[in-house]
Amino acid sequence: MKEYAQVFQGTAFTSKSPKEVQVLQNYLFCINEGGLIEKTVSPEEPEYQEIIEAYLNKDNFHRLSKGQFFLPGFIDLHVHAPQWAQSGTALDIPLNDWLNTYTFPLESKFSDLQFAETVYRDLVSHLLANGTTTVLYFASVHKESSLLLAEICAKKGQRGLVGKVVMDDPNLNPDYYRDESTEAALKDTEEFIMAVKELAKTTKQGVYPVVTPRFIPSCTDEALIGLGELASKYDTHIQSHCSEGDWEHSYVKERCGKNDAFALHDFGLLRDKSVMAHCSFLSDDDAELFAKTGTAIGHCPLSNAYLANGVTPIAHLHSKGIDIGLGTDVSGGFSPSIYDNAKQAVISSRMLEDGVNTYLPTEERGVPNSRITINEAFFFATAGGGESLSLPVGRLQENYAWDVQIIHTSIDTATLPIFNEEEDLLDVFQKIMYLTRPENIREVWVQGELVHSR
Ligand code: GUN
Ligand code: FE
């Protein structure tokens, strides 16, 4: 029999399609040295008993106990790592004022490597404890502390995709917080890319450099073009904010004479490895361009409720064939939990469909066909996030990374309301999605390595 690095036995939930969750009841998951799922075995297969007998008394055999389940680790497509320090505060003013009043002063402090280390270590631990195994991060404009974030991900075993933020336009950014010049922004970005690629060689799970213009308003055309060239030269991921709210969307229209999507495309910033946060105001032409270029959307429903001036029509955008994942947008979204954002994605979509102004007649109140189900939100949190990043993560199937969270539904301080031993497992799944708290997340594994336990 083949030697495996680890063998796990238990019941798992994974997406079969955006609308369908598959229950893998009492399966075996055989993990190889590289941390990939080499084989999944159902109890009906002849090998099942053989593998159990061979591994039963070994240290690398892990059998879930009653009430425990595997879920794929969640993928967070949009986190501002420095903003963790202001999470839960400062959500009382519109986006542009919020940036200038609270966010830029905070991010400017990340020139201090000691402060950066304290905040970043705490954030990465928190995200892992919330079941998040892969994260697409904005750091700050500072090259050194951005690299420090990648190093902390590498050390803690999280799959981090990290961007040094570019904001080079002296007319639109404060003097105390911006790149020194366009040339410096591009040079720092290139050095950052090379350093993270070197760092990646020392990790099992991978860390990745990301080309990161903050958003069109903070960058000169020259920087945006240069960043597009760097992304294609080094074949990196790209991230930015796109058509987020009224102010930003109209600013870009005025400056570029087109919507963000077409402007970003002209700058060479839409490609298969691009992930754009928010996209609340995409037109159908913009959406088609996203689908054609393979650009994904990082949907951040909690943040949208505060800063986007509307509900992102995520069901409609998904129907256009765009890859979609979820993001917390810490700290525009106050919560570091993808569970919270999955729930909010469902809630916001219901409110979009029904409408919110009760003074209007029913048929004029909402936007038909806007709702998504918790299964679709789970798909975005897992498989959709993996597809958005073009990485083999987010599904519990062969040739995917063993990135999982082990949920215990029955612990003293946080027991889920499961009163019937025979309860339909798809109902148990929904309870997990709606009611899991960090206490229920007992173990988190990334690429076959244990990175969190409680
Ligand atoms: N647009 C530009 N910067 C930001 C940011 O930090 N957060 C959000 N939500 N939108 C932005
Ligand atoms: Fe953001």
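Above this text is the structure in question.
Calculation criteria
Residues numbered from 1 in each chain as written. Chains lettered and ligands numbered in written order. Predicted model: local features only at pLDDT ≥ 70, side-chain atom pairs only at ≥ 80, totals over all residues. Heavy atoms only, no water. Near = heavy atom within 4 Å. Polar contact = N/O pair within 3.5 Å; in protein donor to acceptor, adjacent residues only side chain to side chain. Areas by Shrake-Rupley, 256 points an atom, 1.4 Å probe, with all protein chains shown as cover. Helix = DSSP H or I, 4+ residues; strand = E, 2+ residues; numbered from the N terminus. Buried < 20%, exposed > 50% of the residue type's maximum accessible area, 1.4 Å probe, protein only. Contact = heavy atoms within 4.5 Å. Donors = N, O, S within 2.8 Å, 3.2 Å for Na, K, Ca; no water. Tetrahedral: all angles 85-135°; square planar, octahedral: opposite > 155°, others 65-115°. Disulfide = S-S within 2.5 Å. Salt bridge = Lys/Arg side-chain N within 4 Å of Asp/Glu carboxyl O.

Asker: I would appreciate a short explanation of the site of ligand 1 in the present structure.
Answerer: Around ligand 1 lies a shell of 13 residues, among which His80, Gln83, Arg214, Glu244 and Asp329 are the nearest. At 2.7 Å from a nitrogen atom of ligand 1 is found a side-chain nitrogen or oxygen belonging to Glu244. Between ligand 1 and the protein, one listed contact pairs a nitrogen atom with a side-chain N or O atom of Asp329 at 2.8 Å. About the coverage of ligand 1: the protein hides 100% of its 280 Å² of free accessible area. Mapped by element, the contributors of at least two residues to the shell around ligand 1 are helix H2 (95-108) and helix H10 (301-307). Element by element, the count of residues in the shell around ligand 1 is highest for H2, at 3 residues.

Asker: How should I be thinking about the environment of Asn440 in this particular structure?
Answerer: Following the sequence through the fold, Asn440 ends up in the loop between helix H15 (425-435) and strand S18 (441-446). When its relative accessible area of 0% is taken as the criterion, Asn440 is described as buried. On a C-alpha basis, the gap between Asn440 and Gln405 in space is 9.7 Å, while along the polypeptide they are 35 residues apart. Leaving out residues up to four positions away in the same chain, Asn440 has contacts with Ile406, Ile407, His408, Thr409, Ile411, Ala414, Leu416 and Leu435.

Asker: I would appreciate a short explanation of the coordination of the iron ion (ligand 2) in the present structure.
Answerer: A metal bound by six donors in octahedral fashion has ideal angles of 90 or 180 degrees, whereas one bound by four tetrahedral donors has an ideal angle of 109.5 degrees. For the iron ion (ligand 2), every protein donor is listed as His78 (NE2), His80 (NE2), His241 (NE2) and Asp329 (OD), and the spread of their distances is 2.1 to 2.3 Å. Coordination geometry of the iron ion (ligand 2): the 4 donor atoms subtend angles of 86 to 176 degrees at the metal centre, consistent with an arrangement described as irregular. Residue Asp329 is classed as buried on the basis of its relative accessible area, which comes to 3%.

Asker: Help me out: how do you make sense of the state of the cysteines in this one?
Answerer: Each disulfide is one covalent bond, formed between the sulfur atoms of two cysteines. The tally for this structure, following the rule as stated, stands at 0 disulfides. For Cys219, which is in no disulfide, the shortest distance to another cysteine sulfur is to Cys256 and amounts to 11 Å.

Asker: How should I be thinking about the pattern of salt bridges in this particular structure?
Answerer: Pairing between side chains becomes possible if they bear opposite charge and their charged atoms approach one another. This structure, assessed with the given rule, holds 24 salt bridges. Its salt-bridge partner being Lys143, residue Glu191 comes within 2.4 Å of it at the nearest N-O pair. In this pair, Glu191 sits in helix H5 (residues 182-200) while Lys143 sits in helix H4 (residues 143-156), placing the two residues 48 residues apart along the sequence. In this structure Lys143 comes out as partly exposed when scored by relative accessible area, which is 21%. Note that Lys164 and Asp179 form a salt bridge whose closest N and O atoms lie 2.7 Å from each other.

Asker: What is the right way to read the side chain of Thr312 from this model?
Answerer: Mapped onto the secondary structure, Thr312 falls in the loop between H10 and helix H11 (314-319). Using a relative accessible area of 3% as the deciding quantity, one classes Thr312 as buried. A polar contact of 2.9 Å, which involves the side chain of Thr312, links it to the side chain of Ser280. Looking at Thr312, its side chain comes within polar contact range of the side chain of Asn304, at 2.7 Å.

Function-wise, these values are silent; they only describe arrangement.
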